[in-house]
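Residue-level structure breakdown
Here is what each chain is made of, one letter per residue.
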Amino acid sequence: DLYKQAQAEQPRCLETVKELVSVDTGTGQEKGLATVSALLVKRLKELGATVQTTPATPSVGDNIVGTFKGSGSKNFLLMVHYDTVFLPGTAAKRPFRTDEARAYGPGVADAKGGVAMILHALKLLKAQGFDGYGTLTVLFNPDEEMGSAGSKKIIAELAAQNDYVFSYEPP
């Protein structure tokens, strides 16, 4: 049943990837990072998360932390970055597209597909009414492509607070 629900969710997940890929979010590109940050905060809140943002100083953009409280005992961290290596204008020059087997566009695999995977996995968990975790924390960071200067500290802090840490960067 869950597998069927995940299959049914795939088109909406691809729409999320398209929405993310359509915004230039190269490390340091303030406008695009702010646009995607606002989208991620909104989506996490819609899923029921308590959300906190902190500037990723000295980098541009915000670290976004969404927290879900459950009824279980183990704590989980799901994390991925939302910046890319692409220059301004790349999203327009190389727009999102799919073929029979793959999705293409700047950041699809590194790591906007991972961002979408987290959001839609959370949506499926919510639809199932699953809360068998103590705390489920999501971290989206804006500066991985340039060494995570503004997110290393929060990554280390959150990782130490969790029993399991999952990175959603497919490569």
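**Side note on the pairing of strand E6 (residues 135-141)**
Most of E6 is tucked away, with seven of its seven residues classed as buried. Two elements, strand E2 (residues 62-69) and E6, share six bridges in a ladder whose sense is antiparallel. Directly across from Phe68, in E6, lies its bridge partner Leu136. As paired strands, strand E3 (residues 75-81) and E6 are joined by seven bridges and run parallel to one another. Each bridged residue has a counterpart across the sheet, and for Phe76 the counterpart in E6 is Leu136.

**A word on the sheet that holds strand E7 (residues 164-167)**
Strand order in this open sheet of five strands is E1-E2-E6-E3-E7, and the pairing throughout is mixed. Each edge of the open sheet carries a strand with a single partner, namely strand E1 (50-55) and E7. On average, each strand axis in the sheet is tilted by 15 degrees relative to the strand beside it, whichever way the strands run. Against the sheet, helix H2 (residues 30-46) touches E1, E2 and E6, its axis set at about 5 degrees to E2. Each of E1, E2, E3, E6 and E7 is contacted by helix H5 (residues 152-160), which is oriented at about 165 degrees to E6, the strand it contacts most.

**Observations concerning the packing of aromatic side chains**
One pass over the structure, following the stated rule, counts three aromatic pairs. Between Phe76 and Phe166, the aromatic rings sit 6.3 Å apart at their centres with planes inclined by 15 degrees, giving stacked as the arrangement. With Phe76 in strand E3 and Phe166 in strand E7, this pair connects stretches of sequence that are 90 residues apart. For the pair Phe130 and Tyr133, a centre-to-centre distance of 6.2 Å together with 55 degrees between the ring planes defines the contact as tilted. Given the relative accessible area of 45%, Phe130 is considered partly exposed. The buried category is assigned to Tyr133, whose relative accessible area is 9%. A network of ring pairs unites the aromatic residues Phe76, Tyr164 and Phe166 as a single cluster.

**A few points about the nonpolar core**
Most often, soluble globular proteins have nonpolar side chains that are buried together. Judged by nonpolar contacts, the single largest core of 26 residues is most densely connected at Leu40, Leu44, Phe68, Leu122 and Phe140. Those elements giving two or more residues to this core turn out to be H2, E2, E3, helix H4 (108-128) and E6. Here the element with the most residues in this core is H2; it accounts for six residues. Here Leu122 is in contact with Leu44, Leu47, Phe68, Leu78, Leu136 and Val138, once residues within four sequence places are set aside. In this structure, Val65, Leu139, Ile154 and Ile155 belong to the second largest nonpolar core, which totals seven residues.

**Regarding the packing of helix H1 (residues 2-21) against H2**
Look at H1 against H2: their axes get within 10 Å of each other, and the N-to-C directions meet at 150 degrees. Comparing their axes, H2 and H1 come out roughly antiparallel. H2 is crossed by H1, and the crossing has right-handed handedness. Counted together, Thr16, Glu19 and Leu20 of H1 and Val36, Leu39, Leu40 and Arg43 of H2 form the full contact between these two elements. Its residues assigned to classes, the contact of H1 with H2 shows four nonpolar, one polar and two charged.

**Remarks on H2**
Between its first and last C-alpha, H2 extends 24 Å over 17 residues, near the 24 Å set by a 1.5 Å rise per residue. When H2 is considered as a whole, its buried residues turn out to be Gly32, Leu33, Val36, Ser37, Leu39, Leu40, Val41, Arg43 and Leu44.

**A word on the pattern of salt bridges**
By the definition in use, this model includes four salt bridges. Salt-bridge contacts for Glu9 lead to Arg12; the nearest nitrogen and oxygen are separated by 3.1 Å. Of this pair, Glu9 and Arg12 both sit in helix H1, three residues apart, which is roughly one turn of the helix. You can call Glu9 buried: its relative accessible area is 6%. Between Glu19 and Arg43 there is a salt bridge whose closest N-O contact spans 3.9 Å. A residue pair is termed long-range when its members are at least 10 positions apart, and Glu19 in helix H1 and Arg43 in helix H2 qualify at 24 residues. Linked through salt bridges whose partners overlap, the residues forming this network are Glu9, Arg12 and Lys123.

The rules behind these values
- Residues numbered from 1 in each chain as written.
- Predicted model: local features only at pLDDT ≥ 70, side-chain atom pairs only at ≥ 80, totals over all residues.
- Heavy atoms only, no water.
- Buried < 20%, exposed > 50% of the residue type's maximum accessible area, 1.4 Å probe, protein only.
- Helix = DSSP H or I, 4+ residues; strand = E, 2+ residues; numbered from the N terminus.
- Pairing = 2+ DSSP bridges.
- Axes fitted to C-alpha atoms, helices over the stretch in contact; angles between N-to-C directions.
- Contact = heavy atoms within 4.5 Å.
- Phe/Tyr/Trp six-rings, centres within 6.5 Å; stacked < 30°, edge-to-face > 60°.
- Core = buried A, V, L, I, M, F, W, Y, C linked by side-chain atoms within 4.5 Å.
- Parallel < 35°, antiparallel > 145°, perpendicular 65-115°, else oblique.
- Left-handed = near helix turned anticlockwise from the far one by under 90°.
- Nonpolar A, V, L, I, M, F, W, Y, C, P; charged D, E, K, R; others polar.
- Expected span 1.5 Å × (residues − 1).
- Salt bridge = Lys/Arg side-chain N within 4 Å of Asp/Glu carboxyl O.

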